[in-house]
Amino acid sequence: LEQGCLSIVVLGASGDLAKKKTFPALYHLFEQGFLQSGEVHIFGYARSNLSDDGLRERIRGYLKGASSEEHISEFLQLIKYVSGSYDSGEGFDNLNKEISEYEKSNESGSSRRLFYLALPPSVYPSVCKMIRTYCMNPTSRAGWTRVIVEKPFGKDLDTSEELSSQLGELFEEDQLYRIDHYLGKELVQNLLVLRFANRLFLPLWNRDNVDNIQIVFREDFGTEGRGGYFDQYGIIRDIIQNHLLQVFCLVAMEKPVSLKPEHIRDEKVKVLQSVNPIKDEEVVLGQYEGYKDDPTVPDDSNTPTFASVVLRVHNERWEGVPFILKAGKALNSRKAEIRVQFKDVPGDIFRCKKQGRNEFVIRLQPSESMYMKLTVKKPGLEMATEQSELDLSYGMRYQTVKIPEAYERLILDTIRGDQQHFVRRDELKAAWQIFTPLLHDIDAGKLKTVPYQPGSRGPKEADELSEKVGYMQTHGYIWIPPTLK
Ligand code: BG6
């Protein structure tokens, strides 16, 4: 059911995530006509005592659109504030009354209810219980109730499984949308098309041709303002076990039977289950100098703000090919990319100079692009070679297209009932199975973080690890993203 009365409830409405991501995403959907006045109502729910206008003004500051103030005000008028606690029946009973009242005033007779939990995970079970008890869509009306939850989904396999069973008792799997916003990024969504709609890649995407694959996330700022949260989790839980592992799945999985969400998710689970246990000697952990200056971080913290972890896939396609998953905060740049490095050319005849390897790079952000590093004849009279590239930079090729924000796309998917880009319960479990032993060793202090300079590439040990498992850096070559003249 895609039409009719739609209520979107943002729980944790005055928090950071809601202000920075959820409401702006809703606004962009509104701006593009996906949420229509008369059909949609948005409810913000939180504990603080706020008026409708109080909440609207808070949100206004985060809405930077191309459109007019008028449009923004029109959107803000759709928002109503309901205050209440996260574990009391009273608040949720109130919320339900507000929603029902709006539904009664709407002629469609339907009831679609979307709950977005922009909350700390500790309150998920109680909030879900409250929704289940007080706020489900009435069976007398056509419609549905769906719940979007955000990571962290637990801290390890056991806590995650516990959370999953608690939620599983309250909602069916097709009502639960576990969001991983990396799955909403344009170039992540492009991966299946790239791999399975291009003859060129089919015969190359395997151990016969690929030497190693890197999936890298860098940020050029530290844990500013959220050190307390971060210290409980660390970079592996914050970035690698979810975002980078999701990307890994799409790069490494087999071709799904069809594009049906369950077919795709079946393949993701399979490749996760094929990952070997991580070896200690294939892990480098770092912590940037100054991280512990944050008063909310304990002085003896061993929490990694950087990690490089090699995954090995035990299957016919990937045996022997290292997947290097690397993420760090407070580094020298902000970017996320996938690098597929091919093997050396056998029987190379251009011996005068060591050839660089072919490398296919998918830049997820910023400046979305894909480029393939090639060896070409250096243009001119001499027979010399050099490194160049085939370049598909989105900013150049798709000049008039505005690439949607990840959250925008994923919320729209939820309204449409498409779970393809959401994490299924068994997928989450398989992801925790891979990282839990390592995380327990880190938490127990068996593996130590090494310090690195903020603004650097991270610990040199990480570069050494990449080189040891086969990554070859092409010296003297830098890809310069083309700019519009
Ligand atoms: C979040 C992490 O999930 O992703 C943050 O908790 C991180 O630590 C953020 O900064 C990065 O997202 P993006 O879309 O900016 O790459």
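Look up: the structure comes first, before these words.
Residues numbered from 1 in each chain as written. Predicted model: local features only at pLDDT ≥ 70, side-chain atom pairs only at ≥ 80, totals over all residues. Heavy atoms only, no water.

### Details of the overall build of the chain
Next up, step 1: Tallying secondary structure elements over the chain gives 14 helices and 15 strands in all.
Next up, step 2: Taken against the 2.2 N^0.38 rule, which gives 23 Å for 485 residues, the C-alpha radius of gyration of the chain at 24 Å falls within 12% of a compact globule.
Next up, step 3: Evaluated residue by residue, the chain yields a buried proportion of 54% over its 485 residues.
Next up, step 4: The long-range fraction of contacts in the chain, counting pairs at least 24 apart against all pairs at least 6 apart in sequence, stands at 77%.
Next up, step 5: Summed over all atoms, the accessible surface of the chain reaches about 22,200 Å², with 50% contributed by carbon and sulfur.
Next up, step 6: Between the centroid of the 63 positive side chains of the chain and the centroid of its 70 negative side chains there is a distance of 4 Å. (Helix = DSSP H or I, 4+ residues; strand = E, 2+ residues; numbered from the N terminus. Rg over C-alpha atoms; globule rule 2.2 N^0.38 Å. Buried < 20%, exposed > 50% of the residue type's maximum accessible area, 1.4 Å probe, protein only. Contact = heavy atoms within 4.5 Å. Areas by Shrake-Rupley, 256 points an atom, 1.4 Å probe, with all protein chains shown as cover. Lys, Arg positive; Asp, Glu negative; His and termini not counted. Charge placed at Lys NZ, Arg CZ, Asp CG, Glu CD.)

### Comments concerning the packing of aromatic side chains
Next up, step 1: Inspection of the entire model under this criterion finds 19 aromatic pairs.
Next up, step 2: Ring geometry for W205 against F360: centres 6.5 Å apart, planes inclined by 75°, an arrangement best described as edge-to-face. Here W205 is found in the loop between α8 (191–196) and β7 (210–218), whereas its partner F360 is found in strand β12 (residues 359–365), with 155 residues between them in sequence. Like W205, the residue F360 is buried in the burial classification. (Phe/Tyr/Trp six-rings, centres within 6.5 Å; stacked < 30°, edge-to-face > 60°.)

### Thoughts on the site of the ligand
Next up, step 1: Lining the immediate environment of the ligand, one finds 13 residues, of which K151, Y182, K185, E219 and D238 sit closest.
Next up, step 2: Taking H181, its side chain carries an N or O atom lying 2.8 Å from an oxygen atom of the ligand.
Next up, step 3: If you map the ligand onto the pockets, it falls in the largest pocket.
Next up, step 4: In terms of residue count, the dominant contributor to the shell around the ligand is helix α9 (residues 227–252) (three residues).
Next up, step 5: Each residue belonging to the shell around the ligand can be placed in one class, and the counts come to three nonpolar, three polar and seven charged. (Near = heavy atom within 4 Å. Polar contact = N/O pair within 3.5 Å; in protein donor to acceptor, adjacent residues only side chain to side chain. 1 Å grid on protein atoms, 1.4 Å probe; cavity = no way out; pocket = protein on both sides within 12 Å on 5 of 7 lines; lining within 4 Å. Sits in = over half its atoms within 2 Å of the grid points. Nonpolar A, V, L, I, M, F, W, Y, C, P; charged D, E, K, R; others polar.)

### So, the sheet that holds strand β14 (residues 385–393)
Next up, step 1: Within the open sheet, the nine strands sit side by side as β14-β13-β12-β11-β7-β10-β9-β8-β15. Their pairing is mixed. The open sheet has two edge strands with one neighbour each: β14 and β15 (450–452). In this sheet, neighbouring strand axes are inclined to one another by 20° on average, regardless of whether the strands run parallel or antiparallel.
Next up, step 2: Here six bridges tie strand β11 (residues 335–342) to β12, and the two strands are oriented antiparallel to one another. Each bridged residue has a counterpart across the sheet, and for V340 the counterpart in β12 is F360.
Next up, step 3: Set on the sheet, α9 makes contact with β7, β8 (283–288), β9 (306–312), β10 (322–328), β11 and β12; between it and β10 the angle comes to about 145°.
Next up, step 4: Contacts from helix α13 (residues 425–443) reach β8 and β9, with the element oriented near 140° to β9. (Pairing = 2+ DSSP bridges. Axes fitted to C-alpha atoms, helices over the stretch in contact; angles between N-to-C directions.)

### So, helix α12 (residues 406–416)
One full turn of an α-helix is made of 3.6 residues, so residues set three or four places apart face in the same direction.
Next up, step 1: Summarising burial for α12: ten of the eleven residues are buried, a large majority.
Next up, step 2: Taken together, the buried positions of α12 are occupied by A406, Y407, E408, R409, L410, I411, L412, D413, T414 and I415.
Next up, step 3: Each element contacted by the buried residues of α12 is listed here: β1 (6–11), α1 (16–31), β4 (111–117), β5 (143–150), β6 (176–179) and α7 (186–189).
Next up, step 4: Two residues or fewer past α12, G417 is found with a positive phi of approximately 80°.

### What about helix α5 (residues 124–134)?
Next up, step 1: Of the residues making up α5, those classed as buried are Y124, V127, C128, M130 and I131. With its buried residues spanning 160° around the axis, α5 presents them on a single face. Along α5, exposed side chains directed more than 90 degrees from the buried face belong to K129 and T133.
Next up, step 2: Here the buried face of α5 lies against β1, α4 (89–105), β4, β5 and α6 (157–170). (Arc of directions from axis to C-beta.)

### Notes on the packing of α9 against α13
Next up, step 1: For the pair α9 and α13, interaxial distance at closest approach is 11 Å and the crossing angle is 145°. Here α9 and α13 pass one another in a crossing that is right-handed. Within the contact between the two elements, α9 uses I236, R237, I240, Q241, L245 and Q246 and α13 uses E427, L428, A431, W432, I434, F435, L438, L439, I442 and D443.
Next up, step 2: Class assignment for the residues of the contact of α9 with α13 results in eleven nonpolar, two polar and three charged. (Left-handed = near helix turned anticlockwise from the far one by under 90°.)

### Thoughts on the layout of surface pockets
Over the atoms, a rolling probe the size of a water molecule traces out where space has been left empty.
Next up, step 1: Considering only enclosed or pocket space, the largest pocket measures out at about 1,500 Å³ in volume.
Next up, step 2: Taken together, 50 residues form the lining of the largest pocket, with L17, K21, H181, R226 and Y407 sitting closest to its centre.
Next up, step 3: Sorting the residues of the lining of the largest pocket by element identifies α1, α9, β12 and α12 as the ones contributing at least two each.
Next up, step 4: Per-element accounting of the lining of the largest pocket gives the leading share, five residues, to α9.
Next up, step 5: When grouped by side-chain class, the residues that make up the lining of the largest pocket number 23 nonpolar, ten polar and 17 charged. (Points joined across faces, edges and corners; volume = space filled by probe spheres on them.)

### Describing the pattern of salt bridges
Next up, step 1: As enumerated under the stated definition, the model contains 34 salt bridges in all.
Next up, step 2: Between K446 and D441 there is a salt bridge whose closest N-O contact spans 3.5 Å. (Salt bridge = Lys/Arg side-chain N within 4 Å of Asp/Glu carboxyl O.)

### Considerations on the nonpolar core
Soluble globular proteins tend to pack their nonpolar side chains together in the buried interior.
Next up, step 1: L117, F248, L311, F323 and F435 are the most contacted members of the largest nonpolar core, which has 147 residues in total.
Next up, step 2: In terms of residues, this core owes the most to one element, α9, which gives 13 residues.
Next up, step 3: If sequence neighbours within four positions are ignored, L117 has contacts with L11, Y124, V127, C128, I131, V147, I148, V149 and E150. (Core = buried A, V, L, I, M, F, W, Y, C linked by side-chain atoms within 4.5 Å.)

### Quick look at the sheet that holds β6
Next up, step 1: Read across the sheet, six strands follow the order β3-β2-β1-β4-β5-β6 without closing on themselves; strand pairing throughout is parallel. Single-partner strands in this sheet number two, and they are β3 (79–83) and β6. On average, adjacent strands in this sheet sit at an angle of 20° to one another, irrespective of strand direction.

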